[in-house]
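Take a look at the letters that make up each chain.
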Amino acid sequence: MEEFLVSLVVGRRDIPKKFASVYEQLRACGAIAKDSRLYRLAPVFMLARVHKNSGGLFAHNIASPKDRGLRLRSGRDRRANALADGDLVLLLIKSKEPRIIKVLNRHSAPASRLLCLVQKRGKIIALDCKSLEPISLPFSQKSLCALPKYCVLEYSAGQITKVLGSLLDPSVDEKLILAKYNFADSFSQAAQAFANSFGDVDVGCYPQRANLCDKPFITIDPSDAKDHDDAVFWEQDSHTLYIAIADVSEYVLPNTELDTQAKARCFSLYLPHICYPMLPNALSQSLCSLRANEPKLALVWEIALHRRTKLPRSAKLYEALITPRANISYEQAQAILDSRRLACELESNLARFSWLCDLHAITQRLKAKRLEKGYDFITSDTTMRLNPQGTIESIHTHAACPSHSLIEESMLLANILSAQVLAGICEDGGIYRAHEPPSDDRIYALFSQAKELGYTIKSSNLHAQIQALQKEALKRGESARKQLDTLIIKAQKEARYTDKKEAHFGLGFEAYTHFTSPIRRYSDLIAHRLLKIAMRDNPKRVVVANAPTTLGSKARKQVAYALESSSAMIPLLNERERQISRAEAEFKDRKYAREAQALMGAVVQVCVVDERYPTFGVVCAGDSALGEQCGSVADFVKGTNAKFANLPQNPQSSHSPTAIPRILKEDNQGDFKQSASLSLRADNGGVAKQGAAAASLVIHTKTAKQARSHKAAPLLQGARVVISQSSCELMREGIYTAVIERVDLIAARIYVQIP
């Protein structure tokens, strides 16, 4: 229903029968604009989802979930007083205060809350895992005592609906994240049965598809990847690049159970030890995945490149059959690239893919052309591995290598060509990936920080200024370049999905879309469906980039119908993308917190990433036991303003045993001096809250003797921390010696002190 209501905000051509009654309710309220072509919500009305918390009653626009919620005055309106969390309402927003016109979909059951039981002053109470607010439960203390200590549960309508486990058990982290971000851990029986009903690909059953099974496509992915979306092949003789993308849309048709389940997820959720896919495993890891030596359905971009400039000369997209020859890792692909440079021999199974060396040279030319308008950043990726007990086993930091760039540039090329075709077939709409330029305020802040670091800002356009800064930073070393790149990323806005053709600032493209990952992103599936309408309208079943595309009457109607659905999905995609990003980051935060729990009093190096109150930092001391370089800071979240510096190889070596008491600030009783801010906790919005912290599962450091027993904390590289006390004024980018002071497992927070 929400998707239908969002489509009314955009405008749609027809009203499905199952939503006719809802439409009539809106029309009776005068909320439908008079438009001869489309059914559209009048601009003075808003369709909103109600959210209720201790701060009051708020209405959030379902078509723009990121917008700030409107406060509803519950005391003055009886209808507002009767609203429950999760209700859908029609609001009149013509006046200063929004007025409730109608409740469209009252929740049949109150929204479930995720709670954790804790003990405070000898009494068991419940804390909301999202807001961290205390919740009163209608159960006796005897009943609550029967539950596991620090029990995590789901609570709805006065009933405990599900017990997830104890917060002391590491396995509860996964269940908590799935429940908190409303991500299903399984598919419906109907979806599973539908996915399992497809047989293996029989090449003879697809005579209308181009048969490219003789071409040695390969996939290049992380070594532990199971879903292979894309494959490439470079044909040197014809100077042609083939980019094959899994044809998921052949199996996931609109308005089927598979489609409904995919739309509910929008993206695959990747945790360090497991993937919760957007599609059932029968599709995501088997039938759709481009596995080696199996015939697969694919959409293929065939791109002929100019022999001198290496730029695309012509490109066409069509449906095809391929049989990938191998699924290789980035490390294996890099070995192929290094074999030519180092003149070394390859394993026999990799030698046949030596054409990757030629493709790498081509993609570097494409990248150089792209960077005339776009940007490039030196980044690293942190991989967390868990042991069978669910705690951290190792942390590894990987820098991007040339094999990553080879695939990245190939996929960027396929995405931009797809966007060009979409712009040609969609007169009003489509699905694009937009990235707006940074605001003047952010640019000013960026250049101010760069000047403080000793950089010179040249008088030129923004692109030239940033590239000049990056060039100057690289002369100082890779660490300086990483530091500057982090500042530049922080200054930029968030990329988003849109139905308008808009530029992508970061990549430097006039139009851009997501086309290359339909197994794990619903946005790509939408793009595939639109492009296939155009392909099948052509007698040759192809579409050509940078060429006029004239659709027939039937195809135009199909595109218009598909656009109604896609326009309604775009706000949901943007909101779900943010939720998935937060879920993946919070899961790691919880694992870091468990590691820190066992390391009370350990000395760590902390880089300050936000000096405002509360102060946030990131642990930047490497794990010397793994032989990693100390001071390699993970890009733990997009936009983090962290300093990359070469720290001593052994962080604890700079602090002798005699210096430890000074670092820990021991008082007369041998206990740590607790800071005045110990009762403060930062909520998800980054605002300090006072009160409920005392009831949280908080582990404090007890004595200096206990602290001395710990060496520098291992396995915390990239962990986010809250700096609760410092004896000096902290500076952004500064790296300080800190002591792990306490851990809040409910909020997944690590608190440290800086002497």
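Everything that follows concerns the structure shown earlier in this document.
Reference entry: report on the structure contained in this document. (Residues numbered from 1 in each chain as written. Predicted model: local features only at pLDDT ≥ 70, side-chain atom pairs only at ≥ 80, totals over all residues. Heavy atoms only, no water.)

An ideal rise of 1.5 Å per residue puts 22 Å on 16 residues; helix α11 (residues 355-370) measures up with 23 Å between its terminal C-alpha atoms. Among the residues making up α11, those that are buried are Trp355, Leu356, Cys357, Leu359, Ile362, Thr363, Leu366, Lys367 and Arg370. (Helix = DSSP H or I, 4+ residues; strand = E, 2+ residues; numbered from the N terminus. Expected span 1.5 Å × (residues − 1). Buried < 20%, exposed > 50% of the residue type's maximum accessible area, 1.4 Å probe, protein only.)

This brings us to the environment of glutamine 208. When you line up the elements, glutamine 208 lands in the loop between α6 (189-196) and β13 (210-211). Owing to a relative accessible area of 58%, glutamine 208 belongs among the exposed residues under this scheme. As a C-alpha pair, glutamine 208 and leucine 321 span 113 residues in sequence and 9.9 Å in three-dimensional space.

Right, let's get into the sheet that holds strand β4 (residues 56-61). Taken in spatial order, the five strands line up as β5-β4-β3-β6-β7 in an open sheet, and their pairing is antiparallel. Each end of this open sheet is capped by a strand with a single partner; those strands are β5 (70-72) and β7 (99-105). Averaged over all pairs of adjacent strands, the angle between strand axes in this sheet comes to 40°, irrespective of strand direction. Taken together, the five bridges between strand β3 (residues 45-53) and strand β6 (residues 88-92) define a ladder with antiparallel strand orientation. Counterpart to leucine 47 in the pairing with β6 is leucine 90. (Pairing = 2+ DSSP bridges. Axes fitted to C-alpha atoms, helices over the stretch in contact; angles between N-to-C directions.)

Glancing now at unusual backbone geometry. In this structure, asparagine 182 is a non-glycine residue whose phi angle is positive, near 55°. The topology assignment puts asparagine 182 in the loop between α5 (172-180) and α6. Judged by its relative accessible area of 66%, asparagine 182 falls in the exposed class. The phi torsion at arginine 541 lies on the positive side, around 55°, for a residue other than glycine. By the element assignment, arginine 541 lies in the loop between α16 (522-537) and β26 (542-544). The class for arginine 541 is buried, based on a relative accessible area of 18%.

This next bit is on the packing of helix α1 (residues 2-10) against helix α17 (residues 553-597). Where α1 meets α17, the closest approach of the two axes is 8 Å, and the angle between their N-to-C directions is 105°. Here α1 is positioned roughly perpendicular relative to α17, judged by the angle of their axes. Contacts from Glu2, Glu3, Val6, Ser7 and Val10 in α1 reach Glu564, Ser565, Ser567, Ala568, Met569, Pro571 and Leu572 in α17. A breakdown of the residues in the contact of α1 with α17 according to their chemical character gives six nonpolar, three polar and three charged. (Parallel < 35°, antiparallel > 145°, perpendicular 65-115°, else oblique. Contact = heavy atoms within 4.5 Å. Nonpolar A, V, L, I, M, F, W, Y, C, P; charged D, E, K, R; others polar.)

No statement about biological role is implied by the geometric values presented.
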